[in-house]
Amino acid sequence: MAALPPAWNRSPQPFAELISAGVIAARVAELGAQITAEYRPRIEEAEVVVVGVLKGSVIFLADLVRHIGLPVLIDFIGISSYGDATSSSGVVQITQDLSRPIDGRHVVLVEDIVDTGHTVHYLLENIATRRPASLKLASLLHKPARQQRAVKIDYLGFTIPDRFVVGYGLDVAQKYRNLPFIGYES
Ligand code: 5GP
């Protein structure tokens, strides 16, 4: 007999699974190993700071850093982007800044998704002015169909189709960030 779906999938707003928790975990482990290999030779020259963009990157970051076998620092930056819930206007404001300076440190910026690319473009430019030793971008997801700004994603989890996705940190009106998989409204 088939098991009941988990409680969140019995909610009035069910989500179809796009990327399972297991597939996410395997890919995040690979990204962590890649980051470890690339920064291990450089950790003596400068500290590595993993910077999460609040709030969407929190779950990805929490899993990713546990697969980085180096003593990294963790910090967060909060932003709000004007526009409606499902489209980015390109106007980004920092609502919570980093807690410590990052000059002379290797920075890995961690995002949940690169959609139009406006948010990450703004953040990379902003962080670059603070003179980090190096600056790279990790993003769990990339939706190339909607991209308006060219952005180089150094560590990418998955390329996805043009769907509004939720879970594993991504929200609908601040909810469902705690879904363990990436889903879409079906
Ligand atoms: P941008 O368009 O600037 O690249 O994306 C900015 C932000 O929009 C992302 O960090 C994310 O918070 C939100 N976003 C973009 N696409 C999606 C999506 O499919 N689902 C959810 N929940 N948020 C998204």
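Above this text sits the structure in question.
Below: a short report on this structure. Owing to the predicted nature of the structure, the values given are computational and were not obtained by experimental measurement.

1. Side note on the sheet that holds strand β1 (residues 15-19)
- With antiparallel pairing, the three strands of this open sheet are ordered in space as β1-β9-β8. Strand pairing shows two members of the sheet lacking a second neighbour, β1 and β8 (165-166), which therefore form its edges.
- By the bridge criterion, four bridges tie β1 to strand β9 (residues 182-185) in an arrangement that is antiparallel. When the bridges of β9 are listed, I19 appears paired with I182.

2. Regarding the packing of aromatic side chains
- Applying the stated criterion to the full structure yields one aromatic pair.
- The interplanar angle of 70° and the centroid separation of 4.7 Å between the aromatic rings of F15 and Y176 together place this pair among those described as edge-to-face. One end of the pair, F15, is in strand β1; the other, Y176, is in the loop between β8 and β9, with 161 residues separating them in the sequence.
- We classify F15 as buried; its relative accessible area is 4%.

3. As for the site of the ligand
- Close to the ligand lie 16 residues; T116, G117, T119, V165 and D171 are nearest.
- Contact between the ligand and D115: an oxygen atom at 2.8 Å from a main-chain N or O atom of the residue.
- At a separation of 2.5 Å, an oxygen atom of the ligand approaches a polar side-chain atom of T116.
- When isolated, the ligand has an accessible area of 510 Å², and the protein chains bury 88% of it.
- Of all the elements in the fold, those that place two or more residues in the shell around the ligand are β5 (106-114) and α3 (118-128).
- With four residues, β5 is the largest single contributor of residues to the shell around the ligand.

4. A word on the packing of helix α1 (residues 21-39) against helix α2 (residues 58-65)
- At a minimum axis separation of 8 Å, α1 and α2 run at an interaxial angle of 60°. In terms of orientation, α1 and α2 fall into the oblique class. Pair α1 / α2 crosses with right-handed handedness. Where α1 approaches α2, its residues V28, L31, G32 and I35 are matched on the opposing element by F60, D63 and L64.
- Across the contact of α1 with α2, the residue classes tally to five nonpolar, one polar and one charged.

5. Some thoughts on the environment of V53
- Turning to its location among the elements, V53 is positioned in strand β2 (residues 48-54).
- Taking the C-alpha atoms as reference points, V53 and I77, 24 residues apart in sequence, are found 5.1 Å from one another.
- Contact partners of V53, with chain neighbours within four places excluded, come to I77, I79, L109, V110, E111 and L123.

6. Some thoughts on the side chain of T36
- Mapped onto the elements of the fold, T36 is located in helix α1.
- Exposure remark for T36: the relative accessible area of 8% places this residue in the buried category.
- A distance of 2.6 Å separates a polar side-chain atom of T36 from the backbone oxygen of G32.
- For T36, the contacting residues outside a window of four places in its chain are H67, I68, G69 and L70.

Definitions and cut-offs
Along each chain, residues carry numbers from 1 onward, in the same order as the chain's sequence is written. Residues qualify for local features only when their pLDDT is at least 70, as the model is predicted, and side-chain atom pairs are given and counted only at 80 or more; totals for whole chains, interfaces and linings, by contrast, use all residues. Computation of side-chain values: all heavy atoms of the structure, hydrogens and water removed. Any two strands between which DSSP finds at least two bridges are classified as paired. Secondary structure follows DSSP: runs of H or I at least 4 residues long count as helices, runs of E at least 2 residues long count as strands, and numbering of each begins at the N terminus. Each Phe, Tyr or Trp ring (for Trp, its six-membered ring) is paired with any other whose centre lies within 6.5 Å, and the angle between the two planes then decides the class: stacked below 30 degrees, edge-to-face above 60, tilted in between. Between buried and exposed lies partly exposed: a residue is buried under 20% and exposed over 50% of the maximum accessible area for its type, with that area taken using a 1.4 Å probe on protein chains only. Being near a molecule or strand, for a residue, means having at least one of its heavy atoms within 4 Å of it. Side-chain atoms alone can form a polar contact between residues adjacent in sequence; in general such a contact is a pair of N or O atoms within 3.5 Å, and within protein one must be able to donate a hydrogen while the other accepts it. Each accessible area is a Shrake-Rupley estimate made with a 1.4 Å probe; only the visible protein chains count as cover when residues are assessed. Simply put, an axis is a line fit to the C-alpha atoms, just over the touching stretch for a helix, and the angle between two N-to-C directions goes from 0 to 180 degrees. Throughout this description, any angle smaller than 35 degrees is read as roughly parallel, any larger than 145 degrees as roughly antiparallel, any in the 65 to 115 degree range as roughly perpendicular, and the remainder as oblique. Should the near helix be turned anticlockwise from the far one by less than a right angle, the crossing is left-handed, and should it be turned clockwise, the crossing is right-handed. The contact rule is simple, with two residues in contact once any of their heavy atoms fall within 4.5 Å. Only Asp, Glu, Lys and Arg are considered charged in this grouping, and only Ala, Val, Leu, Ile, Met, Phe, Trp, Tyr, Cys and Pro are considered nonpolar; every other residue, Gly among them, is considered polar.

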